[in-house]
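Here is how the chains run, residue by residue.
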Amino acid sequence: MKRSEINQAIITAANFFRQNGWFLPPNPKWDITDFGLGSFLTTGLVLVNLAEEAEYCEKLMYAVKNQVTPAHMHKKKKEDIISRAGNLIVQFWTGDPAKAQTSNSLTIKVNGEARLIKSGEKISLKPGERVTIEPGVWHEFYPGSDECVIGEVSTANDDLNDNFFSNEAIGRFSEIEEDEALIIKLVSER
Ligand SMILES: O=C[C@@H](O)[C@@H](O)[C@H](O)CO
């Protein structure tokens, strides 16, 4: 990713967070990624790590319409993904979507209530709504609205070792091309 894209993503996300009443802590831990695919507005995500404890974590995220966080799963992390502002679409699979599915259906908690869905089904979240994703469940998400503030509340987060993507070309952290001065270092650069 170009540094200029990262700087612009930080400014845009910070503005949208503020407009929607989400205030960041001092020295926010920014994590901007294009998942190594080189097309940030197609496949990309802005994240701020708010709480990083051994027992729990919290993130605030930002994406624009159709900007995908691609299909992946976590072997250890259990997480709630929440629409905090805007419409968020989350798609689920029982197994790696690039491979044959082990089962046709799975149970996902939507706003705390178990719902039986088909593998490959999408759930659309309005502001305030959440899904609970157990370890091993494959998922991807993207906003259906122009912009979206996305919350994540989870067990321990380990972005280096606990993200398994369907697309093997993906890298969780982007290589950065320095085309202008940085405004803040990302978590991957600290
Ligand atoms: O599902 C998304 C989350 O687990 C993110 O926290 C993760 O960093 C995406 O790779």
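Higher on the page you've got the structure.
Residues numbered from 1 in each chain as written. Predicted model: local features only at pLDDT ≥ 70, side-chain atom pairs only at ≥ 80, totals over all residues. Heavy atoms only, no water.

## Examining the overall build of the protein
Across its full length, the protein carries one helix and 13 strands. Walking the protein from its N terminus toward its C terminus, one meets helices and strands in the order α-β-β-β-β-β-β-β-β-β-β-β-β-β. Here the protein has a C-alpha radius of gyration of 16 Å; the compact-globule value for 190 residues is 16 Å, and the two agree. Taking the principal axes of its C-alpha atoms as reference, the protein extends roughly 50 × 35 × 35 Å. In the protein, buried positions account for 47% of the 190 residues. Residue pairs in contact within the protein that sit at least 24 positions apart in sequence constitute 73% of those at least 6 positions apart. Accessible surface, the protein as shown: approximately 9,300 Å² in total, 49% of it carbon and sulfur. Where the 21 positive side-chain charges of the protein centre and where its 28 negative ones centre are 4 Å apart. (Helix = DSSP H or I, 4+ residues; strand = E, 2+ residues; numbered from the N terminus. Rg over C-alpha atoms; globule rule 2.2 N^0.38 Å. Buried < 20%, exposed > 50% of the residue type's maximum accessible area, 1.4 Å probe, protein only. Contact = heavy atoms within 4.5 Å. Areas by Shrake-Rupley, 256 points an atom, 1.4 Å probe, with all protein chains shown as cover. Lys, Arg positive; Asp, Glu negative; His and termini not counted. Charge placed at Lys NZ, Arg CZ, Asp CG, Glu CD.)

## What about the site of the ligand?
In the vicinity of the ligand there are 13 residues, among which K59, K77, E79, E152 and D159 approach most closely. Contact between the ligand and D159: an oxygen atom at 2.8 Å from a side-chain N or O atom of the residue. Taken by itself the ligand offers 290 Å² of open surface, and the protein chains cover 100% of this. When its residues are assigned to classes, the shell around the ligand shows three nonpolar, four polar and six charged. (Near = heavy atom within 4 Å. Polar contact = N/O pair within 3.5 Å; in protein donor to acceptor, adjacent residues only side chain to side chain. Nonpolar A, V, L, I, M, F, W, Y, C, P; charged D, E, K, R; others polar.)

## Some thoughts on the packing of aromatic side chains
Note on aromatic pairs: each is described by the distance of the centres and the angle between the planes. Under the defined criterion, the tally for this structure stands at four aromatic pairs. For the pair F17 and Y62, a centre-to-centre distance of 6.4 Å together with 85° between the ring planes defines the contact as edge-to-face. Of this pair, F17 sits in helix α1 (residues 3-19) while Y62 sits in strand β3 (residues 57-64), and the two are 45 residues apart along the sequence. For the residue pair F17 and Y62, the accessibility class agrees, reading buried in each case. Aromatic ring contacts, followed pair by pair, group F16, F17, W30 and Y62 into a single cluster. Positioned above the aromatic ring of F164, the side-chain terminus of K75 is 4.3 Å from the ring centre. Between the NZ or CZ atom of R172 and the centre of the ring of F173, over which it lies, the distance is 4.8 Å. (Phe/Tyr/Trp six-rings, centres within 6.5 Å; stacked < 30°, edge-to-face > 60°. Lys NZ or Arg CZ within 6 Å of the ring centre and 35° of its normal.)

This is a description of form; function is not addressed.
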